[in-house]
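If you want the building blocks of each chain, they are given just below.
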Amino acid sequence: MAKTRPGVASSKSKLSKKDIDSYTIKGTTKVVTTGDCVLMRPSDAGKPPYVARVEKIEADARNNVKVHCRWYYRPEESLGGRRQFHGAKELFLSDHYDVQSAHTIEGKCIVHTFKSYTRLENVGVEDYYCRFEYKAATGAFTPDRVAVYCKCEMPYNPDDLMVQCEGCKDWYHPACVGMTIEESKKLEHFVCAECSSDENGIKRSHNGFASSPSSDLKVEAKRRKR
């Protein structure tokens, strides 16, 4: 991915600039202030909008408005690319900063923490989440490790349904334990194969995790709405 997004000024303006408190998105009544997350027009009309966090808003004497922004990257824009556990609405907060014309802002969005996103009753078009910070030059992530679940030992993807074992309390993808999604939705109880074979019926998770991927997930958990 190019290191410079469209709309970046190629040279510094000689006009005096001043910080302003807000900007109203052209053609709308939506007001953008510092700290808001926004959707910005991509150079390729076939691509989804870029997502950025507004760090500062400024205007010159001619009322040309610029926004200082910090970019979020989508998984497919990162050096490692999109992986199985990356959700459809997942973003990485990068160390890539730019100055953009405010006219490239198309709308506002919300970038939730991972925990708050998993607690949403319904996921709207404007909802995204971030659980990693990303260094654009090196491809490094912070944190560099997250909890893994299931036999496949993958991080939690909130788009996927998972079922919890009543014994070890670990969480499993239905396909990994030989079930269809429809079969897993009908379950009232689930015990994994390891716990079923244990003489006491309860065994410590091989991953050692006592909690669920999300505190509100249950056996009858639903797929996240996109």
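Residues numbered from 1 in each chain as written. Predicted model: local features only at pLDDT ≥ 70, side-chain atom pairs only at ≥ 80, totals over all residues. Heavy atoms only, no water.

(A) Seen up close, the overall build of the chain. Helix and strand counts for the chain come out as 3 helices and 12 strands. Relative to its full complement of 226 residues, the chain shows a buried share of 42%. Residue pairs in contact within the chain that sit at least 24 positions apart in sequence constitute 61% of those at least 6 positions apart. Summed over its atoms, the accessible surface of the chain is roughly 12900 Å², and 49% of this surface lies on carbon and sulfur atoms. (Helix = DSSP H or I, 4+ residues; strand = E, 2+ residues; numbered from the N terminus. Buried < 20%, exposed > 50% of the residue type's maximum accessible area, 1.4 Å probe, protein only. Contact = heavy atoms within 4.5 Å. Areas by Shrake-Rupley, 256 points an atom, 1.4 Å probe, with all protein chains shown as cover.)

(B) Local environment of the pattern of salt bridges. Per the stated rule, a full pass over the model turns up 8 salt bridges. A salt bridge links Lys56 to Asp19, with the nearest nitrogen and oxygen atoms 3.9 Å apart. Note that Lys56 is positioned in strand S5 (residues 50-60) and Asp19 in strand S1 (residues 17-19), a separation of 37 residues in sequence. By relative accessible area, which is 31% here, Lys56 ends up partly exposed. Judged by its relative accessible area of 54%, Asp19 falls in the exposed class. One salt bridge in this structure joins Glu76 and Arg82, with 2.9 Å as the shortest N-O distance. A relative accessible area of 39% places Arg82 in the partly exposed class. Taken together, the shared-partner salt bridges in this structure form one network comprising Lys17, Asp19, Lys56 and Glu58. (Salt bridge = Lys/Arg side-chain N within 4 Å of Asp/Glu carboxyl O.)

(C) Examining the nonpolar core more closely. In this structure, Val38, Met40, Ile57, Trp71 and Ile105 are the most contacted members of the largest nonpolar core, which totals 23 residues. Contributing elements (two or more residues each) for this core: strand S4 (37-40), S5, strand S6 (65-73) and strand S9 (127-134). If you look at the next biggest cluster of nonpolar residues, it comprises 18 residues, including Tyr129, Tyr149, Phe190 and Cys195. (Core = buried A, V, L, I, M, F, W, Y, C linked by side-chain atoms within 4.5 Å.)

(D) Quick look at the pairing of S5. Taken across its 11 residues, S5 has 8 buried, putting it largely inside the fold. The pairing of S1 with S5 spans 3 bridges and is classified as antiparallel. Note that in S5 the partner of Lys18 across the bridge is Ala59. As defined by bridge partners, S5 adjoins S6 across 8 bridges and the pair is classed as antiparallel. By the bridge assignment, Val54 is partnered in S6 with Cys69. (Pairing = 2+ DSSP bridges.)

(E) Representation of the side chain of Glu77 in the model. With respect to the element layout, Glu77 can be found in the loop between S6 and strand S7 (90-101). By relative accessible area, Glu77 is classed as buried at 19%. Side-chain polar atoms of Glu77 contact the backbone nitrogen of Arg74, separated by 2.8 Å. (Polar contact = N/O pair within 3.5 Å; in protein donor to acceptor, adjacent residues only side chain to side chain.)

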